[in-house]
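# Close look at the chain arrangement
Chain by chain, the residues:
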Amino acid sequence: MIEYRNLRVAVLGGGSVGSQVADQLLTHRDELAARIGAGIELAGVAVRSIDAPRDTAIPRELLTTDAESLILSADIVVELMGGLEPARTLILQALNSGADVITANKALLATHGPELFEAAEQVGAQLYYEAAVGGAIPIIRPLRDSLAGDRVKRILGIVNGTTNFILDRMDAHGESMADALATATALGYAEADPTADVGGYDAAQKAAILASLAFHTLVPADAVYREGITEVTLEQVVAARKAGYVVKLLAICERLTDPVTGVDGVSARVHPALIPDTHPLAAVHGANNAVFVEAEAAGPLMFYGAGAGGIQTASAVLGDVVSAARRHVVGGPGVAESTHANLPVLPISSVMTRYQIALLVADEPGVLALIAALFQSHGVSVETVAQSVAVVDSLSATDAPSAATLVIGTHEASEADLAATVAALTTSSVVHSVTSVLRVEGL
Ligand code: NDP
Ligand code: HSE
């Protein structure tokens with residue numbers, strides 16, 4: 001057997017994920033070498049501050065603040081700094097110096113992916129990013145390789161651990177969003193700026209990556225419709241549970257045909273949604289993620305596991321390190337990203353889905369008929385209606401006895417028709433307030 005030289009791995013970032021990757025590279029060096037067929041050596045870990053506290057004990061002599069010099073001596077560069085710059089520039093430098101690159105940086109991929117993939121293709125290198133979506137869950141390789149011979153129709157996923165953790169704590173413990181976010185941050189799940197999590201930006205970046213891979217079409221992050229969880233209230237979460245639903249932040253990527261224009265394309269959206277409490281996604285608790293893939297031949301597939309966390313994410317990164325190292329040993333150019341289908345990316349107005357709308361209304365004869373007529377006049381078909389006596393502090397004592405809560409479930413309707421219906425409800429004389437509008441998925 002031909003002895004291959006030791007491969008040098010540079011890790012950029014020694015935070016939650018980087019410190020664990022460095023630790024695993026040092027601890028499992030011999031086992032990894034046996035799997036690769038070549039020795040593997042941690043060349044160094046680039047950080048901002050040598051003296052910052054670390055989750056694992058990285059030998060001081062391996063820490064450096066000079067990322068550029070570290071890259072020059074590496075065969076494989078692992079970018080775990082996060083953010084757009086200097087991550088983008090360092091990755092381009094690494095690729096241009098002939099190194100394969102591994103990143104967990106979905107923000108960077110969703111923003112500068114085409115430039116980075118192009119740079120990799122130009123030099124015959126490869127950019128690996130298994131950890132960028134779903135933390136520890138293998139989902140990139142299955143979409144890119146295992147399903148390369150099939151046609152993906154739809155992806156429905158919980159892809160942000162922090163928001164799933166928050167919604168789960170609100171549901172299970174009645175905790176406030178702020179308290180649950182503080183815990184998620186302390187556990188290392190949240191992004192450096194947690195607005196990325198609660199605002200749905202992180203999930204939208206992951207949806208863009210999944211949709212691009214699944215549909216062989218470049219789907220930029222700004223083409224993903226996005227709503228975060230900041231408007232979700234504890235009252236909505238509690239009411240959902242009572243009605244047999246749970247609230248989840250979902251990423252939905254699908255092939256669809258616009259109902260008005262007939263254009264075939266793809267769509268990606270991220271928003272809070274109700275799912276039945278019997279749906280498998282309802283059982284995804286804590287910071288776990290789950291991704292359902294519906295493919296034409298394979299049928300439904302489910303990928304589930306830890307969506308965030310330093311050591312869990314390090315598992316996916318290490319898998320990429322082994323893949324990159326094996327490629328070095330075997331030789332040959334990297335495999336380019338496939339965007340051959342180049343389908344139109346359709347806006348949210350092309351999507352048809354179901355809705356649940358909660359209203360506080362006057363409890364008087366004829367009100368239900370008026371509201372039903374209002375839905376009908378906007379082309380939205382009502383499927384279910386539930387009425388209960390309203391208990392609302394904000395109503396005056398004279399209003400209170402005549403108020404009722406109506407919860408209306410619709411059949412599939414277009415976003416435009418639903419928005420027009422809600423606008424009409426808001427100005428109706430029999431409606432005190434529209435207290436909740438949520439999409440319903442997974443029925
Ligand atoms: P952290 O914030 O914990 O760590 C970032 C690290 O990068 C720190 O060690 C920091 O140095 C270093 N760093 C930042 N900027 C620079 C710079 N300009 N020069 C040199 N070093 C720098 O991030 P995470 O480990 O949580 O995340 C890393 C990446 O992994 C991100 O892209 C994130 O989105 C992604 N990811 C994270 C997951 C998680 O659960 N945490 C899960 C999946 C993906 P210093 O320590 O000195 O401050
Ligand atoms: N902040 C991200 C999350 C980390 O909560 O899912 C994993 O990408």
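Residues numbered from 1 in each chain as written. Chains lettered and ligands numbered in written order. Predicted model: local features only at pLDDT ≥ 70, side-chain atom pairs only at ≥ 80, totals over all residues. Heavy atoms only, no water.

### Considering the overall build of the protein chain
Each helix and strand counted, the protein chain has 14 helices and 17 strands in total. Radius of gyration (C-alpha) of the protein chain: 25 Å, near the 22 Å computed for a compact globule of 443 residues. For the protein chain, with 443 residues in total, the buried portion stands at 52%. Accessible area of the protein chain: about 19100 Å², with a carbon and sulfur share of 54%. Counting 26 positive and 49 negative side-chain charges, the protein chain places the averaged centre of each group 5 Å from the other. (Helix = DSSP H or I, 4+ residues; strand = E, 2+ residues; numbered from the N terminus. Rg over C-alpha atoms; globule rule 2.2 N^0.38 Å. Buried < 20%, exposed > 50% of the residue type's maximum accessible area, 1.4 Å probe, protein only. Areas by Shrake-Rupley, 256 points an atom, 1.4 Å probe, with all protein chains shown as cover. Lys, Arg positive; Asp, Glu negative; His and termini not counted. Charge placed at Lys NZ, Arg CZ, Asp CG, Glu CD.)

### Side note on the pairing of strand 2 (residues 40-46)
Judged by how many residues are buried, strand 2 sits mostly within the fold: six of seven residues are covered. Bridge count between strand 1 (residues 7-12) and strand 2: six bridges; the pairing is parallel. Opposite Leu7, over in strand 2, you have Ile40 as the bridge partner. (Pairing = 2+ DSSP bridges.)

### Observations concerning the packing of aromatic side chains
Scanning all chains against the criterion turns up two aromatic pairs. When the ring centre of Tyr201 is taken as origin, the NZ or CZ atom of Arg226, which lies over that ring, is 3.8 Å away. (Phe/Tyr/Trp six-rings, centres within 6.5 Å; stacked < 30°, edge-to-face > 60°. Lys NZ or Arg CZ within 6 Å of the ring centre and 35° of its normal.)

### Description of the domain arrangement of the protein chain
By domain assignment, the protein chain separates into domain 1 (4-134 + 311-330), domain 2 (140-306) and domain 3 (351-440). Spacing between the C-alpha centres of domain 1 and domain 3 amounts to 53 Å. (Domains from an automatic or database assignment.)

### Some thoughts on the site of ligand 2
Within the structure, ligand 2 sits among Lys106, Asn160, Gly161, Thr162, Tyr189, Ala190, Glu191, Asp197, Asp202, Lys206, Gly307 and Ala308. Lys106 places a side-chain nitrogen or oxygen 2.6 Å from an oxygen atom of ligand 2. Between Asn160 and ligand 2, the recorded distance is 3.5 Å, taken from a side-chain N or O atom to an oxygen atom. About the coverage of ligand 2: the protein hides 93% of its 250 Å² of free accessible area. Sorting the residues of the shell around ligand 2 by element identifies helix 7 (161-173) and helix 10 (201-215) as the ones contributing at least two each. Here the residues of the shell around ligand 2 are counted per class, giving three nonpolar, four polar and five charged. (Near = heavy atom within 4 Å. Polar contact = N/O pair within 3.5 Å; in protein donor to acceptor, adjacent residues only side chain to side chain. Nonpolar A, V, L, I, M, F, W, Y, C, P; charged D, E, K, R; others polar.)

### Quick notes on the site of ligand 1
By nearness alone, 23 residues border ligand 1, and Gly14, Val17, Ser49, Arg54 and Gly309 come closest of all. Gly188 is positioned such that a nitrogen or oxygen atom in its backbone is 3.3 Å from a nitrogen atom of ligand 1. Protein chains shield 83% of the accessible area of ligand 1, which is 910 Å² for the free molecule. Taken together, the residues of the shell around ligand 1 sort by class into nine nonpolar, 10 polar and four charged.

### Section: the side chain of Glu79
Along the chain, Glu79 falls in strand 4 (residues 76-79). In this structure the side chain of Glu79 is engaged in a polar contact, spanning 3.0 Å, whose partner is the backbone nitrogen of Gly82. Side-chain polar atoms of Glu79 contact the side chain of Asn105, separated by 3.3 Å. Beyond its immediate chain neighbours, meaning those up to four positions away, Glu79 contacts Leu12, Ala87, Ile91, Ile102, Thr103, Ala104, Asn105 and Leu108. (Contact = heavy atoms within 4.5 Å.)

### Thoughts on the nonpolar core
Nonpolar side chains in soluble globular proteins tend to end up buried together. Core analysis: the largest hydrophobic core is formed by 75 residues, its most contacted members being Val77, Ile139, Leu143, Ile155 and Val293. In terms of residue count, helix 10 provides more of this core than any other element does, 10 residues in total. Two domains each put at least three residues into this core: domain 1 (4-134 + 311-330) and domain 2 (140-306). Apart from the residues lying within four places of it in its own chain, the contact partners of Leu143 are Ala148, Val152, Ile155, Leu210, Leu213, Ala214 and Val293. Within the second largest apolar cluster, 32 residues are counted, among which are Val11, Val47, Ala314 and Ala316. (Core = buried A, V, L, I, M, F, W, Y, C linked by side-chain atoms within 4.5 Å.)

### Digging into the side chain of Asp197
Relative to the assigned elements, Asp197 resides in helix 9 (residues 195-198). No salt bridge is formed by the buried Asp197; its nearest oppositely charged neighbour, Lys206, is found at 6.0 Å. In contact with Asp197, other than residues within four places in its own chain, are Asn160, Thr162, Thr163, Ala190, Glu191 and Asp202. (Salt bridge = Lys/Arg side-chain N within 4 Å of Asp/Glu carboxyl O.)

### So, the sheet that holds strand 3 (residues 63-64)
Taken in spatial order, the six strands line up as 3-2-1-4-5-6 in an open sheet, and their pairing is parallel. Here the strands that pair on one side only, and so sit at the sheet edges, are strand 3 and strand 6 (127-128).

### So, unusual backbone geometry
In this structure, the amide linkage connecting Glu85 to the following residue, Pro86, adopts the cis form with an omega of 10°. Mapped onto the fold, Pro86 is located in the loop between strand 4 and helix 4 (87-96). The backbone of His216 shows a phi angle near 50°, a positive value even though the residue is not glycine.

### Observations regarding the pattern of salt bridges
Close approach of charged atoms allows side chains with opposite charge to pair. Within this structure, the stated rule accounts for 23 salt bridges. For the salt bridge of Arg5 with Asp75, the shortest nitrogen-to-oxygen distance reads 2.8 Å. With a gap of 70 residues between them, Arg5 in the segment before strand 1 and Asp75 in the loop between helix 3 (67-72) and strand 4 connect regions that are remote in the sequence. When its relative accessible area of 11% is taken as the criterion, Asp75 is described as buried. Note that Glu41 and Arg8 form a salt bridge whose closest N and O atoms lie 3.0 Å from each other. Here the residue Glu41 occupies a position in strand 2, and Arg8 occupies one in strand 1, the gap between them amounting to 33 residues. The partly exposed category is assigned to Arg8, whose relative accessible area is 26%.

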